[in-house]
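# Descriptive analysis of the structure
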Amino acid sequence: MTNEEAQAALADLRTLIDDVDLRILALFNERADVVSRIGDIKKTMTMPIYEPKREDEVFRNVLQGNRGPLSEGAVRRLFERIIDEMRTLQRERMERDKTK
Ligand SMILES: C=C(O[C@@H]1C=C(C(=O)O)C=C[C@H]1O)C(=O)O
C-alpha cells in the first residue's frame, strides 16, 4: 500500500465512521424518547427512576445479543454509561416538570 493509498483508505473509513456515528446517535435519541415515556408513567405512578432489576435484564439482553468484536466488559461499560444518561434524562425531566 502506498502512502497515498493508505491516506485514501483512512479517509474512506473515517467517512464510514461519521455515518455510523449519526446512526448510533439517532438510536440513542430513539431510546431516550422511549425512556422519557417510561419516565412519564413513573412520575404519574410515583415509581422510582432507578430500577436495578430492570437494568440487569437490559444487560442480559444486550450481552446475549452481542456478536463482537466488542468484549462482554466493553458492552457492559457502554450500556452502564447509556443507562446512566437515561436515568439523568428522567431525573432532569421530572425536575423540569416540577418547576413548571
Ligand atoms: C427506563 C427505565 O428507567 C431506568 C433506566 C433503564 C434503562 O435505561 O434501560 C432501566 C431501568 C431504570 O433504572 C426503566 O425503568 O425501564
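In this report, the structure presented in the accompanying data block is examined. Just so it is clear, the structure is predicted and the values come from calculations on it, not from any experiment. (Residues numbered from 1 in each chain as written. Predicted model: local features only at pLDDT ≥ 70, side-chain atom pairs only at ≥ 80, totals over all residues. Heavy atoms only, no water.)

### Quick look at a nonpolar patch on the surface
- Residues Val20, Leu22, Ile24, Leu25 and Phe28 make up a contiguous nonpolar surface patch of roughly 430 Å² in combined accessible area.
- Overall, leucine 25 belongs to the partly exposed group, its relative accessible area being 45%. (Patch = residues over 30% accessible without salt bridge, like charges linked within 9 Å, V, L, I, M, F, W, Y side chains within 5 Å. Areas by Shrake-Rupley, 256 points an atom, 1.4 Å probe, with all protein chains shown as cover. Salt bridge = Lys/Arg side-chain N within 4 Å of Asp/Glu carboxyl O. Buried < 20%, exposed > 50% of the residue type's maximum accessible area, 1.4 Å probe, protein only.)

### What to know about the site of the ligand
- In the vicinity of the ligand lie 13 residues, with Arg31, Lys42, Ile49, Glu51 and Glu55 positioned nearest.
- A distance of 2.8 Å separates an oxygen atom of the ligand from a polar atom in the side chain of arginine 31.
- Here glutamine 90 contributes a side-chain N or O atom positioned 3.4 Å from an oxygen atom of the ligand.
- In the complex, the protein chains occlude 94% of the 360 Å² of accessible area that the ligand would expose alone.
- Counting residues per element, the ones that place at least two in the shell around the ligand are helix H1 (3-44), helix H2 (52-65) and helix H3 (72-98). (Near = heavy atom within 4 Å. Polar contact = N/O pair within 3.5 Å; in protein donor to acceptor, adjacent residues only side chain to side chain. Helix = DSSP H or I, 4+ residues; strand = E, 2+ residues; numbered from the N terminus.)

### So, the packing of aromatic side chains
- Overall, the coordinates contain 0 aromatic pairs when judged by the stated rule.
- The residue whose ring lies beneath arginine 76 is phenylalanine 59, and the NZ or CZ to ring-centre distance is 4.7 Å. (Phe/Tyr/Trp six-rings, centres within 6.5 Å; stacked < 30°, edge-to-face > 60°. Lys NZ or Arg CZ within 6 Å of the ring centre and 35° of its normal.)

### A look at H3
- When the terminal C-alpha atoms of H3 are compared, their 39 Å separation across 27 residues agrees well with the 39 Å that a helix rising 1.5 Å per residue should span.
- All of the buried residues in H3 are Ala74, Val75, Ile82, Ile83, Met86, Arg87, Gln90, Met94 and Asp97.
- Looking at the buried side of H3, the elements it contacts are H1 and H2. (Expected span 1.5 Å × (residues − 1). Contact = heavy atoms within 4.5 Å.)

### Some words on the side chain of arginine 87
- Mapped onto the secondary structure, arginine 87 falls in helix H3.
- The buried category is assigned to arginine 87, whose relative accessible area is 17%.
- At 2.8 Å, the side chain of arginine 87 forms a polar contact with the side chain of glutamate 55.
- Sequence-distant contacts of arginine 87, that is, excluding residues within four places in its chain, are made with Ile49, Tyr50 and Glu55.

### Examining the environment of leucine 27
- Relative to the elements of secondary structure, leucine 27 occurs in helix H1.
- Distance in space between the C-alpha atoms of leucine 27 and leucine 89 is 15 Å, their sequence separation being 62 residues.

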